[in-house]
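Listed here are the chains, written in short residue letters.
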Amino acid sequence: MEKRRIPESELIINGDGSIYHLHLKPEHLASTVFTVGDPDRVALVSQYFDQIDFKIQKREFITHTGWKNGKRITVLSTGMGTDNIEILMTELDALVNVDLETRQIKSSKTSLDIIRIGTSGSMQTDIPVGSLLASELGIGMDTLMAYYPELSGDQGLALAIQKELGLSFLPYQASASSQLLAKLDQEILTGVTLTCPGFYAPQGREVRLKPKFDNMIERLSSIQIGGKRVTNFEMETAGYYALGELLGHRMLSLNAIVANRPLKKFDTEAEKTVDKLIRKALDLFTA
Ligand SMILES: O=P(O)(O)O[C@H]1O[C@H](CO)[C@@H](O)[C@H]1O
Ligand SMILES: O=c1cc[nH]c(=O)[nH]1
């Protein structure tokens, strides 16, 4: 059977042969990719590389590729939100699994290791600011996955959250890679991360507008299923995990806890906490 050719309008390749938004060619990407939300954080990660071979910036997507401990690695910024993660994951996957010349999907697939180094707010009093937390599960409070094939894993926590808040849509739930989770050490807590389509009302914050849901943090933090509770808020993890599951990449989201919401505290040393997470992630995943 003739293989499907992906049209020029669907997968856009720039004049120089790079992929549309990321502006990367396949040879610019390592198979271990660290991702950060903040473009300024890319240099904070690559300062610890032994050597940097390649740098490029397009919009909020800044990429540095180089070497650490004899391993080739990439660090790449994504900006905020799962809409950016959809672009990132599709284009990273295309760089390794689509032949950009023939525009056909390769018959032999490559799995990337994609590790998020991000910030996050704790919703549990016993997870203080300054903690490092790996997301075992991500629950998506956005509607991204309504546009993609159904996820195969357990959706129990997502259903419990839908019921508790009376949401008109079903959040989605997906898991970290068990292989990447197995590389963590005791300094890193594990938890269940709620990925929200915003920083303020979607995470229960009130500035001038009142969030629709009263006592969101108390209500979400007290849900327990099979010994698992929701631990922290951020804005990308579930999108990574869901698309990673569908595309066949190994995913892990690491969080520097910079806010404790029930205690109403923000980390006065947030930059140090992020630096601690960067060094830990590089140590664990380039060893
Ligand atoms: O620090 P980053 O990686 O951007 O992650 C978190 O911080 C941003 C909000 O301040 C959101 O992107 C959230 O997920
Ligand atoms: O509370 C927080 C802190 C960082 N990032 C978030 O999305 N929420």
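What counts as what
Residues numbered from 1 in each chain as written. Chains lettered and ligands numbered in written order. Predicted model: local features only at pLDDT ≥ 70, side-chain atom pairs only at ≥ 80, totals over all residues. Heavy atoms only, no water. UniProt positions renumbered as here; feature names shortened; annotations may be inferred. Near = heavy atom within 4 Å. Polar contact = N/O pair within 3.5 Å; in protein donor to acceptor, adjacent residues only side chain to side chain. Areas by Shrake-Rupley, 256 points an atom, 1.4 Å probe, with all protein chains shown as cover. Helix = DSSP H or I, 4+ residues; strand = E, 2+ residues; numbered from the N terminus. Nonpolar A, V, L, I, M, F, W, Y, C, P; charged D, E, K, R; others polar. Axes fitted to C-alpha atoms, helices over the stretch in contact; angles between N-to-C directions. Parallel < 35°, antiparallel > 145°, perpendicular 65-115°, else oblique. Left-handed = near helix turned anticlockwise from the far one by under 90°. Contact = heavy atoms within 4.5 Å.

As named in an unreviewed UniProt entry, the protein is Uridine phosphorylase, taken from Algoriphagus boseongensis. Recorded in UniProt for the protein, the comment headed Catalytic activity (unreviewed entry) runs: "uridine + phosphate = alpha-D-ribose 1-phosphate + uracil".

### Side note on the site of ligand 1
Near ligand 1 the following residues occur: G37, R41, M80, R116, G118, T119, F199, E234, M235 and E236. R41 is positioned such that a nitrogen or oxygen atom in its side chain is 2.7 Å from an oxygen atom of ligand 1. Here an oxygen atom of ligand 1 and a side-chain polar atom of T119 are 2.6 Å apart. For ligand 1, the protein covers 87% of the area, taking 340 Å² as the surface of the free molecule. Counting residues per element, the shell around ligand 1 draws most heavily on strand β7 (residues 113-122), at three residues. Residue composition of the shell around ligand 1, grouped by class: three nonpolar, three polar and four charged.

### Describing the packing of helix α2 (residues 82-97) against helix α6 (residues 237-247)
Packed helices, taken two at a time, are described by their axes: the angle between them and the distance between them. With their axes 9 Å apart at the nearest point, α2 and α6 run at an angle of 25 degrees to one another. Comparing the axis directions of α2 and α6 gives the class roughly parallel. Helix-helix and strand crossings are classified by hand; for α2 and α6 the assignment is right-handed. Mapping the contact onto sequence places T82, I85, E86, L88, M89 and D93 in α2 and G239, Y240, L243, G244 and L247 in α6. Counted by class, the contact of α2 with α6 contains six nonpolar, three polar and two charged residues.

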